[in-house]
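If you want the building blocks of each chain, they are given just below.
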Amino acid sequence: MAGRRDLRRKVAAMLELPEETMLDVARISLVGDMDLLVENHRGLVFYSPEQVVLAVPQGRIAVSGAELSIGYLSPDQVTILGRIRSVRYVDPEGREGGC
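Starting from 1, residues in each chain are numbered consecutively following that chain's sequence as written. Local features in this predicted model are restricted to residues whose pLDDT is 70 or higher, and side-chain atom pairs enter the listing and the counts only when it is 80 or higher, whereas totals over whole chains, interfaces and linings include all residues. The side-chain figures draw on all heavy atoms in the structure; neither hydrogens nor water molecules are used.

Asks: Hey, could you go over the overall build of the protein for me, with residue numbers and the actual values?
Replies: Per the convention used, a helix needs a DSSP run of H or I reaching at least four residues, while a strand needs a run of E reaching at least two, with both numbered from the N terminus. Summing up its helical and strand segments, the protein has 2 helices and 7 strands in all. The contacts of the protein with a sequence gap of at least 6 include a subset with a gap of at least 24, amounting to 38%. For the accessible areas, the method is Shrake-Rupley and the probe is 1.4 Å, while residue cover comes only from the protein chains on display. Surface accessibility of the protein: about 6200 Å² in total, with carbon and sulfur atoms responsible for 55%. In what follows, a contact means two residues having at least one pair of non-hydrogen atoms within 4.5 Å.

Asks: Kindly report on the pattern of salt bridges, identifying the contributing residues and their values.
Replies: Salt bridges are defined by distance alone: a side-chain nitrogen of Lys or Arg within 4 Å of a carboxyl oxygen of Asp or Glu. Summed over all chains, the structure comprises 3 salt bridges. When the shortest N-O distance is used, the salt bridge between R27 and E39 registers 3.6 Å. Placement of R27 in strand β1 (residues 27-31) and of E39 in strand β2 (residues 35-39) is noted, with a sequence separation of 12 residues between them. Type-normalised accessible area, obtained with a 1.4 Å probe on protein chains alone, sets the label of each residue: buried when under 20%, exposed when over 50%, and partly exposed for intermediate values. Residue R27 is classed as partly exposed on the basis of its relative accessible area of 38%.

Asks: Tell me about the environment of Q51, and please be specific about residues and values.
Replies: Turning to its location among the elements, Q51 is positioned in strand β4 (residues 51-56). Sequence separation between Q51 and S69 is 18 residues; the distance between their C-alpha atoms is 9.3 Å. Not counting residues up to four positions away in its chain, the partners in contact with Q51 are F46, A62, V63, S64, L68 and R88.

Asks: Before we move on, can you summarise the side chain of S64 with the specific residues and values?
Replies: Tracing the chain through its elements places S64 in strand β5 (residues 59-73). What S64 contacts, discounting residues up to four positions off in sequence, is E50, Q51, R83, I84, R85, S86 and R88.

Asks: Would you mind going over the nonpolar core in detail, with residue names and values included?
Replies: Within the largest apolar cluster, 12 residues are counted, these being L36, V38, V52, L54, V56, I61, V63, L68, V78, I80, I84 and V87. Looking at this core, the elements with two or more residues in it are β2, β4, β5 and β6 (77-90). At 4 residues, β6 tops the list of elements feeding residues into this core. Nonpolar core, defined: a set of buried Ala, Val, Leu, Ile, Met, Phe, Trp, Tyr and Cys residues in which side-chain atoms within 4.5 Å join the residues together.

Asks: Can you tell me about the side chain of D91, naming the residues and giving the values?
Replies: Tracing the sequence through the fold places D91 in the loop between β6 and β7 (96-98). What D91 contacts, discounting residues up to four positions off in sequence, is Q58 and G59.

Asks: Go over unusual backbone geometry, please, and point to the residues and values.
Replies: Of note, the phi angle at N40 is positive, near 65°, even though the residue is not glycine. Mapped onto the secondary structure, N40 falls in the loop between β2 and β3 (43-47). The backbone of E67 shows a phi angle near 55°, a positive value even though the residue is not glycine. Its location among the elements puts E67 in strand β5.

This is how it looks when you write it as structure tokens:
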């Protein structure tokens, strides 16, 4: 798997493409604590005004906060609005990382 990922990184660099387009990973953009854009998601798993969970190619992304809402949802992009307090990544084995 690592060899395939390295090859994809090299191809992306040669073609001057963003790595996430070749690596099948989610891209997350956070603006302050009020606007989160997730690209390359695989669907909405859970939604409440306090938490949003998205499926992504390598696991799940859990967003916690207050007054959360879905500003935009398409097959590959979602915008989450509200007071975002944390963004956590959970891999398929259930291990967490976060910011």
